[in-house]
Amino acid sequence: PEWVYTAVRTGITGTHTTLTPEIENFLARINSRTKVLAGFGIDSPGQIQALAGKVHAPVVGSAFVRKITSIWQKKDLSETDKQKELVFQLQAQVRELTGADAVFS
């Protein structure tokens with residue numbers, strides 16, 4: 001296949017992930033054969049930086065779901081204000097996550 005998605009942790013999603021030497025070795029092996037997207041517990045600039053050079057692109061999901069949930073549970077905001085806040089907060093989170101000096105191909 002041209003692209004492969006792989007999880008970089010075992011267990012459940014939504015939990016912070018640390019890249020182990022075993023995962024780094026696995027990524028090196030498959031990265032030599034195909035383009036790799038990696039995720040599952042990726043939620044910080046440091047993790048994205050750690051993936052730089054090891055994968056073609058990181059995949060962030062749970063961090064966004066947590067942000068969406070926290071905004072949608074706010075009782076003091078109207079639906080319209082929740083939507084505006086959601087856009088603002090997700091844009092900020094993307095800027096934070098991509099602010100790392102990571103280089104992906």
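Further up the page is the structure itself.
Here's what I pulled together on the structure shown here. (Residues numbered from 1 in each chain as written. Predicted model: local features only at pLDDT ≥ 70, side-chain atom pairs only at ≥ 80, totals over all residues. Heavy atoms only, no water.)

1. Some points on the packing of aromatic side chains
Alright, step 1. Evaluated as defined, the whole model comprises zero aromatic pairs.
Alright, step 2. Directly above the aromatic system of tryptophan 72 lies the positively charged group of lysine 82, at a separation of 5.7 Å from the ring centroid. (Phe/Tyr/Trp six-rings, centres within 6.5 Å; stacked < 30°, edge-to-face > 60°. Lys NZ or Arg CZ within 6 Å of the ring centre and 35° of its normal.)

2. What about the pairing of strand E2 (residues 35-39)?
Alright, step 1. Alignment of strand E1 (residues 3-7) against E2, held across five bridges, turns out to be parallel. Considered in E2, the bridge of tyrosine 5 is made with leucine 37.
Alright, step 2. With three bridges connecting them, E2 and strand E3 (residues 57-59) associate as parallel partners. Residue pairing for E3: alanine 38 is matched across the bridge by proline 58. (Pairing = 2+ DSSP bridges. Helix = DSSP H or I, 4+ residues; strand = E, 2+ residues; numbered from the N terminus.)

3. Focus: helix H3 (residues 62-72)
Alright, step 1. Those residues of H3 that fall on the buried side of the exposure criterion are Ser62, Ala63 and Ile71.
Alright, step 2. Against the buried residues of H3 lie helix H4 (79-98). (Buried < 20%, exposed > 50% of the residue type's maximum accessible area, 1.4 Å probe, protein only. Contact = heavy atoms within 4.5 Å.)

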